[in-house]
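Observations on the three-dimensional arrangement
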Amino acid sequence: MDGYFTYDRDVLFQQVWSEPVRKLAKRYRISDVALAKVCRKLRVPIPSRGYWAQVAAGQHPVKPELEALPEGAQTKLYVRRGRREVVELTAEAEALASREKSPDAAIVVP
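Residues numbered from 1 in each chain as written. Predicted model: local features only at pLDDT ≥ 70, side-chain atom pairs only at ≥ 80, totals over all residues. Heavy atoms only, no water.

What to know about the packing of aromatic side chains
What the rule picks out here adds up to six aromatic pairs. Relative to Tyr28, the ring of Phe5 has its centre 5.6 Å away and its plane inclined at 85°; by these criteria the two rings are edge-to-face. You can see Phe5 sitting in strand E1 (residues 4-8) and its partner Tyr28 sitting in helix H2 (residues 21-28), a full 23 residues away along the chain. A residue is classified by how much of its surface remains accessible, and Phe5, at 27% relative accessible area, is partly exposed. Between Tyr51 and Trp52, the aromatic rings sit 4.9 Å apart at their centres with planes inclined by 90°, giving edge-to-face as the arrangement. Taking the relative accessible area as the measure of exposure, Tyr51 reaches 9% and is therefore buried. Taken together through their ring pairs, the aromatic side chains of Phe13, Trp17, Tyr51 and Trp52 make up a single cluster. (Phe/Tyr/Trp six-rings, centres within 6.5 Å; stacked < 30°, edge-to-face > 60°. Helix = DSSP H or I, 4+ residues; strand = E, 2+ residues; numbered from the N terminus. Buried < 20%, exposed > 50% of the residue type's maximum accessible area, 1.4 Å probe, protein only.)

Quick notes on the nonpolar core
Ranked by size, the top nonpolar core spans 16 residues in total, and within it Tyr7, Leu12, Val16, Leu35 and Leu42 carry the most contacts. For this core, the elements supplying multiple residues, two or more each, are helix H1 (9-16), H2 and helix H3 (32-41). Top element by residues in this core is H2. It accounts for four residues. Setting aside chain neighbours within four positions, we find Leu42 in contact with Tyr7, Arg9, Leu12, Leu69, Gln74, Thr75, Lys76 and Leu77. (Core = buried A, V, L, I, M, F, W, Y, C linked by side-chain atoms within 4.5 Å. Contact = heavy atoms within 4.5 Å.)

Written out as structure tokens, the structure is:
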């Protein structure tokens, strides 16, 4: 799909358990919160807080298995990529916007 970025459930599972979500999100050029949302939508478990600290300390915390999905559940997520469009305002819209910014249009709350 042109103009969309594809997240694959199996690939994403391997990635979130091989490095911290914050670092992985930078590679995807999204926030860690956005990546966590993608994981939730695809039912991909992510490491809990402290997981990577345990790994750094030489411990071997449990990595869950990727559970099978119910019949018909999506295994790929397509997200539109690109920047927000810059819209040129018409002269009428610019006039309305400038009127709203004037001190006379201020709403005073007692």
